[in-house]
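Here's the letter readout for the chains.
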Amino acid sequence: MQLRFKFKKRLLTRMFLTSLSIIALVGFGLAWLVNILHAQDNYNEETAQLIAEIPKVAAELREHDLLPASSDDWLEENNTPESYTIASCDADYRQIWTSSQAVDKGLFDTCERFNDIRHDSPPYYLNLADDKGYFIYLLSLEMSGSQYNLLVMKDAQKLEQELDKFSRRTYFRLAMVLALALVLLVSAGYWGMRPLTRMRNELESVSSGKTKALSQDYPIELEGVTQALNQLLSQSSAQQQRYQNAMNDLAHSLKTRLAAVHAITDDASLDKQGASERIMEQVSQMDLLVKYQLKRAMLGRKGLKHEQTLVAPLVNQLSQMLFKVYRDKQVQFIAYIPQEHVFPGDKGDLMELCGNLMENAFKLCISQVRVTARYSDAGEFELIVEDDGPGVEESLRQRIIERGVRADTQKAGQGIGLAVCNEIVISYNGNLSIETSELEGAKFRITIPI
C-alpha cells in the first residue's frame, strides 16, 4: 500500500513539475517578448513625438545655418524655445553637426558609435563619451536636397526606470498566473487521478474477495484498461475454478478406486499375487485419473476432444472394480455394447462418465444395473445407464446435476459426480437427461453428436 502511494506521489510530482516547467517556460518567454515589444513601442512613440516636433529640431539646425533662409517663416510659426541633445550625421554616418547640449556633454562621436549598432533592432542604447547611457532615436530627413540622419539622444535613466517598473509588473502578473496554474494543476491532477484511485480500491476489493470484477463506468480513456483487467480477472477466476473442480473431481474419482483397493485387500479368495495385480491395476487407473485431471485443469474441456475410445473394454474394467466394491449386493450387471462402438472423445472423459454413472447405479440399485451404448438414427453417440433403485424424483432431475446437490442425503457423498458428467457432456455439445428406467429405477441418457 505504501509502495503504491509513493508511486502515485511520484507520478503526480512528475506531472506537476513537467506541466509547471512548460507553463513557466512559455510564460517567461512571453514576458520577455512583452518587455521587448513594450520597449520597441516606447521607442516608436518617442520617435513619432520627435517627428511631430521636427520644427523644434529644425530650429536648432537653422541657428547653425544648416537650413536655407526660405524656411524662416515656417520655423517662426512652429518653433518653441526648447533644446535637444542632437547629433547630425551624413549618409555615411559621419558627424557633421552637434547641438549645443551635445557639445556641452562632449558627445562628438555619437554618429560613429551609432553606426556600429544601427543594424540592431530598436530601441538603440549607447554608452557615450560622458559615460552615461542614452537611448538614441533616429530621424532620417531630407531638407533642401540634402540627406540628414538626426540622432536625438535622451538620458536612459528615466526610461530605464519606467521599463524596469513595467517589467516588474509583468513578472508579478506572471507569478500570479503561475500560482493560479499550480492550484489548477493540483486540482486537475487529483481530479484526473480519481479514476485510478478508484481502480486501485476496486482491485484491492477484488484481491480481498469482496468483488469479482471492476465496475464499467470508467472514463473512456480507461475503458480498454478496465476491460483487459476484467478479462484477466475472469480468466484467472476460471482457471482457479478449474483447478478447484479438478481437485474435487479427482478426490471423488479416487475415492471409488481406494474403496476397490480396500475391497481387494479384504477379499480372502485372492492369493497374494492376484491381490497385488488387482491393486496395481487400480493404482494404474489412479495414475491415469491424476494425469487426466491435471490436464483438464490446465487446458479446460476444450483441450480434451481429439480422441476416440472403445467403450466396451472400459465399461467391463469399471464393472469388475465395482463388483469388488459392492460385492455384498450381488449386483446383476448387463452391458449392451458392441465391441466396435467408440466414444467420440478422450478416454479420461469416458472413464469419468461411465465411472460416476455406474458407481451411482451400483450404489443405489436393488440388484440390477444395465449399460447400453449405441449410435442413434440422428447420428449421435448414446450412452445409457439404468438401475432398479428408487429412481430420481422429477422435481430433482435438473437440480442434481449441479455441484453439491444430492438426491440421496442418507448415504455419504459430495454431490460432485453428476455435475462432472454434465460438464463433460456440455463440453461435447451433448445432453444429459434423467428419466425413469424400464427397470423402475433411474435412467441416465447421454447423447453426444458424432
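Residues numbered from 1 in each chain as written. Predicted model: local features only at pLDDT ≥ 70, side-chain atom pairs only at ≥ 80, totals over all residues. Heavy atoms only, no water.

- Per an unreviewed UniProt entry, the recorded name for the protein chain is histidine kinase, and the organism is Shewanella psychropiezotolerans.
- Per UniProt, the comment on the protein chain under Catalytic activity (unreviewed entry) is "ATP + protein L-histidine = ADP + protein N-phospho-L-histidine."
- Here is the UniProt Subcellular location (unreviewed entry) comment for the protein chain, exactly as written: "Membrane". (UniProt positions renumbered as here; feature names shortened; annotations may be inferred.)

What about helix α11 (residues 417-427)?
Every α-helix carries 3.6 residues per turn, so stepping three or four residues along brings you back to the same face.
Thinking step 1. Of all eleven residues making up α11, nine are buried, and the element is well covered by its neighbours.
Thinking step 2. Within α11, burial applies to Gly-417, Leu-418, Ala-419, Val-420, Cys-421, Asn-422, Ile-424, Val-425 and Ser-427.
Thinking step 3. Just past α11, the residue Asn-429 takes up positive phi, approximately 60 degrees. (Buried < 20%, exposed > 50% of the residue type's maximum accessible area, 1.4 Å probe, protein only. Helix = DSSP H or I, 4+ residues; strand = E, 2+ residues; numbered from the N terminus.)

Let's talk about the pattern of salt bridges
Thinking step 1. In total, this model carries nine salt bridges according to the counting rule given.
Thinking step 2. Its salt-bridge partner being Glu-435, residue Arg-445 comes within 3.0 Å of it at the nearest N-O pair. One end of the pair, Arg-445, is in strand β12 (residues 442-449); the other, Glu-435, is in strand β11 (residues 431-436), with ten residues separating them in the sequence.
Thinking step 3. On the basis of relative accessible area, Glu-435 is assigned to the partly exposed category, the value being 25%.
Thinking step 4. Three or more residues are tied together by salt bridges with common partners; here these are Arg-374, Glu-382, Glu-435 and Arg-445. (Salt bridge = Lys/Arg side-chain N within 4 Å of Asp/Glu carboxyl O.)

Some points on a positive patch on the surface
Thinking step 1. A cluster of basic side chains, namely Lys-165, Arg-168, Arg-169 and Arg-173, defines a positive patch on the protein surface.
Thinking step 2. In this fold, Arg-168 is placed in helix α6 (residues 156-208).
Thinking step 3. When its relative accessible area of 55% is taken as the criterion, Arg-168 is described as exposed. (Patch = residues over 30% accessible without salt bridge, like charges linked within 9 Å, V, L, I, M, F, W, Y side chains within 5 Å. Areas by Shrake-Rupley, 256 points an atom, 1.4 Å probe, with all protein chains shown as cover. Lys, Arg positive; Asp, Glu negative; His and termini not counted. Charge placed at Lys NZ, Arg CZ, Asp CG, Glu CD.)

Topic: the packing of helix α10 (residues 347-364) against α11
Thinking step 1. Running from amino to carboxyl end, α10 crosses α11 at an angle of 145 degrees, the nearest separation of the two axes being 9 Å. Regarding α10 and α11, the two cross each other, and that crossing is left-handed. On α11, the residues touching Asp-349, Glu-352, Leu-353, Asn-356, Leu-357 and Asn-360 of α10 are Gly-417, Leu-418, Val-420, Cys-421, Ile-424 and Val-425.
Thinking step 2. Of the residues assigned to the contact of α10 with α11, the class counts are seven nonpolar, three polar and two charged. (Axes fitted to C-alpha atoms, helices over the stretch in contact; angles between N-to-C directions. Left-handed = near helix turned anticlockwise from the far one by under 90°. Contact = heavy atoms within 4.5 Å. Nonpolar A, V, L, I, M, F, W, Y, C, P; charged D, E, K, R; others polar.)

Let's talk about the state of the cysteines
Thinking step 1. This structure, assessed with the given rule, holds one disulfide.
Thinking step 2. Between the sulfur of Cys-89 and that of Cys-111 lies a disulfide, 1.8 Å long from S to S. Here Cys-89 and Cys-111 share a disulfide; its torsion about the S-S bond, -85 degrees, makes the bridge left-handed. Of this pair, Cys-89 sits in strand β1 (residues 86-89) while Cys-111 sits in helix α5 (residues 110-117), and the two are 22 residues apart along the sequence.
Thinking step 3. Cys-421 takes part in no disulfide bond, and the closest cysteine sulfur to it belongs to Cys-354, at a distance of 8.7 Å. (Disulfide = S-S within 2.5 Å.)

Points about the packing of helix α9 (residues 311-325) against α10
Thinking step 1. Interaxial distance between α9 and α10 falls to 10 Å at its minimum, and their mutual angle equals 40 degrees. By the angle between their directions, the pair α9 and α10 is classed as oblique. Along this stretch, α9 crosses α10, giving a crossing that reads as right-handed. Each of Val-311, Leu-314, Val-315, Leu-318, Ser-319, Leu-322 and Phe-323 in α9 lies in contact with α10, whose residues at this interface are Lys-347, Leu-350, Met-351, Cys-354, Gly-355, Met-358, Glu-359 and Phe-362.
Thinking step 2. When grouped by side-chain class, the residues that make up the contact of α9 with α10 number eleven nonpolar, two polar and two charged. (Parallel < 35°, antiparallel > 145°, perpendicular 65-115°, else oblique.)

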